[in-house]
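Breakdown of the fold
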Amino acid sequence: MRAIQITEFGGPEVLTVTELPDPEPRPGHLLVDVSRAGINYADTHQAENSYLAESTLPMVPGGEVVGTTADGRRVLALVGTGGYAEKALAPEALAWDVPDGIDDVTALGMIVQGASAWVLLRRNVHLAPGESVVVHAAAGGVGTLAVQLAKAWGAGRVIATASSKEKRDLALELGADVAIDANEPNMKDALIEANGGKRVDTVLEMTGGTVTDESLRALAPFGRLAFYGMASRREPSPVRPATLMSHSTTISGMWLAHIFRLPGDVMRTALDELFALAADGRLRVVAGGEYGLTEVRRAHEDLRARRTTGKLVLDPSR
């Protein structure tokens, strides 16, 4: 089969198209003929070995696929690694049937980005009807879905941030009440102003650095910030517990892998709700672009340069 393989850690330049043996089927796993694989920002960290889970070489990157099994099931699956290939092995416990009428891009948009937005809003910040929510990187895979879910679940005001006018226009089209420049020199004041002069209730943040620092300072008493990424690759300032107490502030982190340690099939619950909203036309995955195997380096370059919006996918047939 054709696949992307990494034999040394680094940037997009380490992604190489190669021929590899097909994965060997083994008990408890499904062999999936991959029709599309998801391309995620986490993959850029995986390639340089800066992700939360340590990478080992040689490696075929890519953590999510949609495709068909030998018995004709159309499944969406988390594979950890191995997704950037024509065939992938998926643990049976991490594969879910895709409903009729859900296309490949929509399916892939739900399993990481959609589920992340679901968990962030439902379990991290516990968004209540009428509350304000800030969605940073609102034109990205998680952000585009978080904006829509926040509106569907009764947020009082959705404040989006994005780095270009086109991205801000997209956030507004998806339901954000206001969209501000992600490069605002004083993010705290910009967020408060966007919320009608009031501090904000909840923030979904994946940028890091001063964006995290300023967002924390913009929180109202009992405000909650959920931290789920560090795209800038810059650490936020340390936070003292006494500071949290003095402002009644909550900070939480989210790594989607931990969803599988919760009782019950939380991923199935999230996917069922997300697919139902998509089927009703209340939630859409923004198609951010499709790349062939030979274009994967460009995909990672585009991601790192923040040139993308929505969900990026890989077509391993070309």
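Residues numbered from 1 in each chain as written. Predicted model: local features only at pLDDT ≥ 70, side-chain atom pairs only at ≥ 80, totals over all residues. Heavy atoms only, no water.

Right, let's get into unusual backbone geometry. Leu57 connects to Pro58 through a cis peptide bond whose omega is -10°. Among the secondary structure elements, Pro58 is positioned in the loop between α1 (41-48) and β4 (64-68). A positive phi is found at Asn49, a non-glycine position, where the angle reads about 60°. By the secondary structure assignment, Asn49 is in the loop between α1 and β4. The backbone of His126 sits at a positive phi, close to 45°, despite the residue not being glycine. (Helix = DSSP H or I, 4+ residues; strand = E, 2+ residues; numbered from the N terminus.)

Our focus in this paragraph is the sheet that holds strand β9 (residues 157-162). Strand pairing in a sheet relies on backbone hydrogen bonds. The paired strands run either parallel or antiparallel. An order of β10-β9-β8-β11-β12-β13 is seen for the six strands of this open sheet, with the pairing classed as parallel. Because the sheet does not close on itself, it has two edges, and the strands there are β10 (178-181) and β13 (250-253). Averaged over all pairs of adjacent strands, the angle between their axes in this sheet comes to 15°, without regard to strand direction. With four bridges joining them, strand β8 (residues 132-135) and β9 adopt parallel strand pairing. The residue of β9 that forms the bridge with Val133 is Val158. Helix α3 (residues 141-152) rests against β8, β9 and β11 (200-205) of the sheet, and its axis sits at about 170° to β8. (Pairing = 2+ DSSP bridges. Axes fitted to C-alpha atoms, helices over the stretch in contact; angles between N-to-C directions. Contact = heavy atoms within 4.5 Å.)

Relative to the assigned elements, Val98 resides in the loop between β7 (95-97) and α2 (104-124). The sequence separation of Val98 and Leu76 amounts to 22 residues, and the corresponding C-alpha distance is 6.3 Å. Ignoring any residue separated from it by four or fewer positions in sequence, one finds Val98 in contact with Val66, Arg74, Val75, Leu76 and Ala107.

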